[in-house]
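Secondary and tertiary structure notes
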Amino acid sequence: MSPSSPALHLAVALDGTGWHPASWREAVARPREVFTAGYWADLVAEAERGLLDFVTFEDGLGLQSSHFLDLDGRTDQVRGRLDAVLVAARIAPLTRHIGLVPTTVVTHTEPFHISKAIATLDYVSTGRAGLRVQITARPNEAAHFGRRAIARIDRYESPVVTDLFEEAADYVEVVRRLWDSWEDDAEIRDVATGRFIDRDKLHYIDFQGRHFSVKGPSITPRPPQGQPVVTALAHQSVPYRLVARQADIGYVTPHDAGQARATVAEIRAEQEAAGRAGESLHIFGDLVVFLDDDPAAAAARRERLDTLAGEPYTSDARVFTGTPAQLADLLEELRAAGLTGFRLRPAVLGHDLPAITRGLVPELQRRGVFRRAYEAGTLRGLLGLARPANRYAAATA
Amino acid sequence: MSKPLKQIHLAAHFPGVNNTTVWSDPKAGSHIEFSSFAHFARTAERAKFDFLFLAEGLRLREQGGTIYDLDVVGRPDTFTVLAALAAVTEHLGLTGTINSTFNEPYEVARQFASLDHLSGGRSAWNVVTSWDAFTGENFRRGGFLPQQERYSRAKEFLATANELFDSWQVDEIVADPASGTFLREAKAGAFVHTGQHFDIHGQFNVPRSPQGRPVIFQAGDSEEGREFAASDADAIFSRYATLQEGQAFYTDVKNRLAKYGRGHDQLKILPAATFVLGDTDAEAEELAKQVRRQQVSGATAIKHLEFVWNRDLSAYDPDGPLPDIDPDVGEHHIARGRAQVRMYRDPLATARAWRELAAANNWSIRDLVINTGNRQNFVGSPETIARTLNDFVQADASDGFILVPHITPGGLDAFADTVVPLLQEQGVFRTEYEGPTLRDHLGLAHPDDSGSARVAS
Ligand SMILES: Cc1cc2nc3c(=O)[nH]c(=O)nc-3n(C[C@H](O)[C@H](O)[C@H](O)COP(=O)(O)O)c2cc1C
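Residues numbered from 1 in each chain as written. Chains lettered and ligands numbered in written order. Predicted model: local features only at pLDDT ≥ 70, side-chain atom pairs only at ≥ 80, totals over all residues. Heavy atoms only, no water.

Time to look at the site of the ligand. Residue and element names in this part refer to chain B. Taken together, 16 residues sit near the ligand, with Glu 56, Ser 130, Tyr 151, Ala 219 and Ser 222 positioned nearest. For the ligand, a nitrogen atom lies 2.7 Å from a polar atom in the backbone of Glu 56. At a separation of 2.5 Å, an oxygen atom of the ligand approaches a polar side-chain atom of Ser 222. A total of 610 Å² of accessible area belongs to the ligand in isolation, and the protein chains cover 83% of it. Mapped onto the shell around the ligand, the elements with two or more residues apiece are α5 (147-165) and β12 (235-238). The residue makeup of the shell around the ligand, split by class, is five nonpolar, seven polar and four charged. (Near = heavy atom within 4 Å. Polar contact = N/O pair within 3.5 Å; in protein donor to acceptor, adjacent residues only side chain to side chain. Areas by Shrake-Rupley, 256 points an atom, 1.4 Å probe, with all protein chains shown as cover. Helix = DSSP H or I, 4+ residues; strand = E, 2+ residues; numbered from the N terminus. Nonpolar A, V, L, I, M, F, W, Y, C, P; charged D, E, K, R; others polar.)

Time to look at the interface of chain B and chain A. Of the residues lining the interface, 77 residues belong to chain B; the matching set on chain A comes to 75 residues. Each partner contributes to the roughly 6,400 Å² buried at the junction of chain B and chain A, and carbon and sulfur atoms together form 61% of this total. Applying the counting rule to chain B against chain A returns six salt bridges. Among the salt bridges present, the one from B:Arg110 reaches A:Asp59, with a minimum N-O distance of 2.8 Å. The interface formed by chain B and chain A includes 40 residue pairs in polar contact (both at pLDDT 80 or more). Elements with a contribution of two residues or more to the side of chain B that touches chain A: β4 (66-67), α2 (78-88), α3 (105-118), β7 (173-176), β8 (181-183) and β10 (199-203) of chain B. Partitioned by chemical class, the residues of the side of chain B that touches chain A number 40 nonpolar, 21 polar and 16 charged. (Contact = heavy atoms within 4.5 Å. Buried area = accessible area lost by both parts, 1.4 Å probe. Salt bridge = Lys/Arg side-chain N within 4 Å of Asp/Glu carboxyl O.)

Residues and elements named next belong to chain A. The tally for this structure, following the rule as stated, stands at 76 salt bridges over all chains. Linking Arg 148 and Glu 167 is a salt bridge whose minimum nitrogen-to-oxygen distance equals 3.0 Å. Of the two residues, Arg 148 is situated in the loop between α4 (139-143) and α5 (159-180) and Glu 167 in helix α5; the sequence distance between them amounts to 19 residues. On the basis of relative accessibility, which here comes to 25%, the residue Arg 148 falls in the partly exposed class. In this structure Glu 167 comes out as buried when scored by relative accessible area, which is 2%. The partner of Arg 366 in a salt bridge is Glu 363, with the nearest N and O atoms 3.0 Å apart. In this pair, Arg 366 and Glu 363 both sit in helix α10 (residues 349-366), three residues apart, roughly one turn of the helix. Of the residues examined, Arg 366 reaches a relative accessible area of 61% and is grouped as exposed. (Buried < 20%, exposed > 50% of the residue type's maximum accessible area, 1.4 Å probe, protein only.)

So, about the sheet that holds strand β6 (residues 123-128) of chain B. Where strands meet in a sheet, backbone hydrogen bonds hold them as pairs that are either parallel or antiparallel. Residue and element names in this part refer to chain B. Taking strand neighbours around the barrel as the criterion, the eight strands line up as β1-β2-β5-β6-β11-β12-β13-β17 in a closed arrangement whose pairing is parallel. The mean angle between the axes of side-by-side strands here comes to 30°, regardless of whether they run parallel or antiparallel. Judged from the two bridges that link them, strand β11 (residues 215-218) and β12 form a sheet pairing that is parallel. Note on β12: the bridge partner recorded for Gln 218 is Ile 236. Sitting on the sheet, α2 is in contact with β2 (51-54) and β5 (93-99), with an inclination near 170° to β5. (Pairing = 2+ DSSP bridges. Axes fitted to C-alpha atoms, helices over the stretch in contact; angles between N-to-C directions.)

It is worth spelling out helix α9 (residues 324-336) of chain A at this point. All names here are of chain A. Across its 13 residues, α9 extends 18 Å between first and last C-alpha, which sits within 8% of the 18 Å expected from 1.5 Å per residue. Of the residues making up α9, those classed as buried are Pro 324, Leu 327, Ala 328, Leu 330, Leu 331 and Leu 334. Taken around the axis of α9, the buried residues stretch over an arc of 165°, which confines them to a single face. The secondary structure elements touched by the buried residues of α9 are β1 (9-14), α7 (257-273), β11 (282-291), β12 (318-322), β13 (341-346) and α10. Just past α9, the residue Gly 338 takes up positive phi, approximately 115°. (Expected span 1.5 Å × (residues − 1). Arc of directions from axis to C-beta.)

Moving on to the nonpolar core. If you look at the biggest cluster of nonpolar residues, it comprises 209 residues, and the most contacted ones within it are A:Leu10, B:Phe49 and B:Phe415. Ranked by size, the runner-up nonpolar core spans 15 residues in total, among them B:Ala301, B:Ile302, B:Val369 and B:Ile370. (Core = buried A, V, L, I, M, F, W, Y, C linked by side-chain atoms within 4.5 Å.)

A few words now on the sheet that holds strand β15 (residues 335-336) of chain B. Residue and element names in this part refer to chain B. The three strands are arranged β4-β3-β15 in an open sheet whose pairing can be described as antiparallel. The sheet is open, and its two borders are formed by β4 and β15, each paired with just one other strand. Across two bridges, the pairing between strand β3 (residues 62-63) and β15 is antiparallel. Bridge pairing links Glu 62 to Arg 336 in β15.

What follows deals with the confidence of the model for chain B. In low-pLDDT segments, the atomic positions of the prediction should not be examined closely. Of the residues in chain B, 97% reach a pLDDT of 70 or more, and the chain-wide mean stands at 93. Low pLDDT, under 50, characterises residues 451-457 of chain B; the stretch is placed with four contacts to residues that sit more than four places away or in other chains. (pLDDT = per-residue confidence, 0-100.)

Here the focus is the side chain of A:Thr120. Residue position: A:Thr120 is located in helix α3 (residues 111-124). A residue is classified by how much of its surface remains accessible, and A:Thr120, at 1% relative accessible area, is buried. Contacts of A:Thr120, omitting those with residues within four sequence positions, involve A:Thr220, B:Pro76, B:Asp77, B:Thr80 and B:Val81.

Here's what the structure looks like:
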C-alpha cells in the first residue's frame, strides 16, 4: 500500500436497522421490512449511489444479543436475520459496481460449502464478491449444531479463542485453495478429443488440518476475481495474526490515531513474519457514526436513542457524533496513522447511510481523497488489489 | 359427464452436469455464468412454468482414478444462484437440491427460510441423501452412511428443519416503535430436538417465511425413498417418463399416501423428461439422432461401456466392435461419484446381450451406446409433444414434468414459444400464475392456513 495513494476506501456495515439498538424505533427505520429483499436492495442502492467500495452484511448463527456470550431474552430490539450470503446474492443482479461482502461464521460451517457459495456470489455479481469470516464461542450457537462443545470462555484472551482462530485460519486456507483448484482455463470444450475440461488443470487440494481435512477440487470453477476478497474484524493479537496471514482486509477498532498507529504496526509486523510483506493488505478502521449537519443535532439524536434504549450505547469501535466535515477530518487523521480505509457502521441506517453517501462522500471528493466515479468493474479492482495468480498453475508451470 | 382435465405442472431443470447436456454445439453457452441462469429462468417464467430446478453434486466424478472430463463439469452453489434468480423473476418457484448427509439442519433451514423471504415465498428443497465416503472427503463430517441410516438421517433432518420453520409464529414480529416492542415473545424460535442423529436446542433466528415452510421434493427411488416421499414430501422428482413405468410408479407411490393420512393430491409426481422439438415429427426425429450423436462422442461411448465392463477400455476403437473379454465383476467399481454405478446389476448378462445386439445390427461401440442409452423422452412437432405430454398426465403417468433441455441456456426457448401455447389452448396449462407462491402454483395447502378453512368450500 503506497501511503501517497490518494484513494481512501470506504465501506458501510449493514445490520438490521442500524447499529444503535433503538435505531428501529426511528421514523426512517422500516423495521417491518428487515426480512424483505426490497429493504436490502434500497440500502445497497443508496451505498452504490455514494460510490462506496463495498457493503458488509452482518450475520450470526443465533439470535442477536446485547451480551457477549449469552442470549438476553429481550423483546425491545431487532431480533432475527436472514442468511447474509443469500441477501448479498439477492442484491447482486440489482447492482453493478459495489462490492458485496457477507459475513460467514466459520466455527460451525463447512469450508467446502462456503467456498462455492462465495465463488458463486462472485459469478452472480461479475467479480464483486468478498467474504467476512467470523468465529463464535457462544454456547447457544454451538447447541444449534450439537456437534461440538466449545468450552466456556471468561475472556477474549482465552486459549479457546486462540484455537477457534487457528481453525478459522485453516478454514480460509481451504476456501482459498478451493478457489484455486480450477485453473482459469480448465474448461477447454475440445470437440476433437471429446474433452470438456483439461483435467490436468484441476487440482486436489489435499488439505489436512487439526480440525478437518478436505480433498477438493471445488465443484465450482475459479471465480471471476480468482480470489474473492477475504476480510475479518480483529481486536487483539490473535485475530491480528489471522488478518496478517490470511486476509485481504482487516477491520480494526482504534479509538485514536495513536492506537491506529500501534495496531497497524503490529499487523504489518505479523504480515512480514508470515512472509506476505509484498502482498497488499488493507487495514480499515471501523467507526460507528451519528452524522448530522449540526453537531449538536447528532449528539441529541444519540441521546434520544440512548434514552429509548434505556442505557448509553457503547461499542468495540469508536462512536463518532458530528458533521460529515468533522468525520472527514477524523478519517484523514486516522489515514495518516496508517489506515487505508474505513468501514462505517451507521447508527441508524435510514438516516446515517444517506448522510454518508450525500454528506461525507461529497466532502471527501472535495478534498480529493475519494473517487468521483467507479473506476473498476471488480471489488479487487476498486481496492487496488491485483488478480492473484493461481497457486497451482504456478506450481506446475 | 367426463372427468375434468388434470392441469399439467411444468418445471425447468437447468442442464448443467448431466449426461444429456450437449456442450459441443456452437449454440451451447456457459453453464456457470449467471447470464445463462437468468436467461433460462426468464424463459421458464415467460412460459408460466411452476419452478426452476437445480441438481447438486458435491464431488467431481472420477472414472479409472481420474476426474471425468467428457461431460460438463462444474456448477455454482445452489442457494446463491437461486437467491440471485429471485431478483430477475417474480413468480417462478426456485427449487434447490440439497443433501441431508453433508449439511446440518440449523444451517439449511436458515438458508431455505431466507430464500423463501427473499423470493416472496418461492423456495423448494429437493432433499437428497447421497451417502458415499468419496463425497465425504470434502467435508468435516467425512464418512458415509449406509442406505438405511441415510434415510433415517434425511427423515430426521427434515423433521428437525420443520421444527425450526415452525418455531416462529406468523405474527411474532410486532415492530411497534411507540411501545418499543419488536418481538411478541422472548422465546421466538425456541426449539428442542432430541433424536438419533441430532440433539440440538436453542432459538432459530429466521422469522416465519411467506410459505411457512419450503415445498419439499424427494428424488430417491428405493423402497425407503418412496416411503420417505409418501410420508414427508410435497412432490417427487422421479425418473419414470415412459407411460407404463410412469403409471406403475405413480400408482405405487400414490397408494402409499393413505397410510400417512394424506390425500391423493398432496404429493405431485414429476418425472425428469428430455425432449427434441422440430417443425415436423420427421424433422424432430432427424434432429434427435443428431443430438444423440452429440451426447455420445466416441470417447463417451467407451466410458459408458466401462460402467458395464468395469475395466479400462481406452484401447478400444469406438467405431469398432465390442470387446470380447468379459466384465470384471470385482467389488471395486471403475466409476466414482455417479448415480449410474449400480445401474447394471448383472454385468456379465448385460455384456452378453449387448454383444448379441451389436452383432445382429452391425453396430459399433458408439452405435450401440447411442441406440441403447437414454433416448429422448419426447420427440416431435409441437403438436405431437403437447399431445403426448397431456396424454401422459391425463393417464396418470405423472402430474407433469421437469424438463431437461440438452442445450444451455436456450434449450427451453422453442418449447416456451410453441408447445406451451398449445397446452394452454387445450385448457391443461395455466395462462396466468394463480398466486405469488410456489405452493399456489402446485396447488398445495399453505401450512399456516387451518385445514378446515381449505376444506370448507
Ligand atoms: C431423478 C433423480 C434425480 C436425482 N438428483 C440428484 C441430485 O441432483 N443430487 C444428488 O446428490 N442426488 C440426486 N439423486 C439421488 C437421490 O437423492 C438418492 O440419493 C439416490 O437416488 C439413491 O437413493 P435411492 O436408493 O432411494 O434411489 C437423484 C435421484 C433421482 C431418482
